[in-house]
Amino acid sequence: MQKHPCVLTIAGSDSGGGAGIQADLKTMTVLGGFGTSVITALTAQNGLGVTGIHAPEPDFVVQQLTTVLEGFPIAAAKTGMLFSAPIITGVANVLIKHSFPLVIDPVSVSTSGHALLQQDAVDALVERILPLATVVTPNKPEAEMLAGIKITTEADVATAIKRILAMGPKAVLLKGGHFDENNEELVDWLGFPDVAPLGIHHSRVATKNTHGTGCTLSAAIATFLAHGFELKPAVKKAQIYLSHCLRNSYTPGEGFGPPNHAAPCER
């Protein structure tokens, strides 16, 4: 295991501190990485929802990215909210030149239902970013958006993963949190080309503090990849970390709280 590997997040800023860049950097730090960041959008949000989004010029996003890559030996990276087609294109033009593991969290809608990806950006995400991915980590709505089908059965899961894999990523992790919410057990499905998806079972945590769970999981996977783990153990270790953070979550403000990213550090 590498000591304090440099990990990069390319995502939006959450002024409420529970998701996005803030969640990613907390996760990376707690898991022993050195977090670096490229901010693709500023959001005005809290636990109740998103009230506004301001995106920097795509050229400045690219400038952030090239500057970080010139100054740090990035061992793995993740993307979150990429917001627009020009930002996606600029980021992809830089990332294609690098070979470190890349986790793609195809963020499209916030927990509160606010659109975080412009409509014309979906095609750019599919065409330019997904082919670069070590793993893509959609939840159910995101997988349905990418695959173009409704997912209700295990057969639908396999079909959706197969369709997303055809877009170029090396693997797909279809997260189970949006499936039957009355079920005490969750199943996340990890799919690779030409093999049946692997169901990874774990217990559902009963909490309303789920703001930023997708960001936290993808950042954790990227950090474990940066430490040198293969994808399957990186995913499983990231799930254990997220579950621990959810079991120890609290609500720092109004509305939905985040996982407690610092839970492993607390007595």
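Basis of the calculations
Residues numbered from 1 in each chain as written. Predicted model: local features only at pLDDT ≥ 70, side-chain atom pairs only at ≥ 80, totals over all residues. Heavy atoms only, no water. Helix = DSSP H or I, 4+ residues; strand = E, 2+ residues; numbered from the N terminus. Buried < 20%, exposed > 50% of the residue type's maximum accessible area, 1.4 Å probe, protein only. Contact = heavy atoms within 4.5 Å. Salt bridge = Lys/Arg side-chain N within 4 Å of Asp/Glu carboxyl O. Phe/Tyr/Trp six-rings, centres within 6.5 Å; stacked < 30°, edge-to-face > 60°. Axes fitted to C-alpha atoms, helices over the stretch in contact; angles between N-to-C directions. Parallel < 35°, antiparallel > 145°, perpendicular 65-115°, else oblique. Left-handed = near helix turned anticlockwise from the far one by under 90°. Nonpolar A, V, L, I, M, F, W, Y, C, P; charged D, E, K, R; others polar.

1. Thoughts on the environment of Lys232
- Within the element layout of this structure, Lys232 appears in helix α8 (residues 231–247).
- Lys232 gets classed as partly exposed once you look at its relative accessible area, which sits at 42%.
- Measuring from C-alpha to C-alpha, the distance between Lys232 and Ser243 comes to 17 Å, with 11 residues separating the pair along the chain.
- Beyond its immediate chain neighbours, meaning those up to four positions away, Lys232 contacts Leu190, Phe192 and Leu198.

2. So, the pattern of salt bridges
- In total, this model carries 4 salt bridges according to the counting rule given.
- Taking the shortest distance from any N to any O, the salt bridge between Lys175 and Asp105 comes out at 3.9 Å. Of the two residues, Lys175 is situated in the loop between β7 (172–174) and β8 (185–191) and Asp105 in the loop between β5 (102–104) and α4 (121–129); the sequence distance between them amounts to 70 residues.
- Counted as one network, the salt bridges with shared partners bring together Lys140, Glu144 and Lys150.

3. Quick look at the packing of aromatic side chains
- A full pass over the atoms with the stated rule returns 2 aromatic pairs.
- Both rings, one in Phe224 and one in Phe229, keep their centres 5.8 Å apart while their planes meet at 85°; by these two values the pair is edge-to-face.
- On the basis of relative accessibility, which here comes to 26%, the residue Phe229 falls in the partly exposed class.

4. Things to note about the packing of helix α5 (residues 140–147) against helix α6 (residues 154–165)
- Two elements in contact, α5 and α6, have axes separated by 9 Å at closest approach and are oriented at 60°. If you check the angle between α5 and α6, you find them oblique. The two elements α5 and α6 cross, and the hand of that crossing is left-handed. Contacts from Ala143, Leu146 and Ala147 in α5 reach Ala160, Arg163 and Ile164 in α6.
- Classifying every residue of the contact of α5 with α6 by side-chain character gives 5 nonpolar, no polar and 1 charged.

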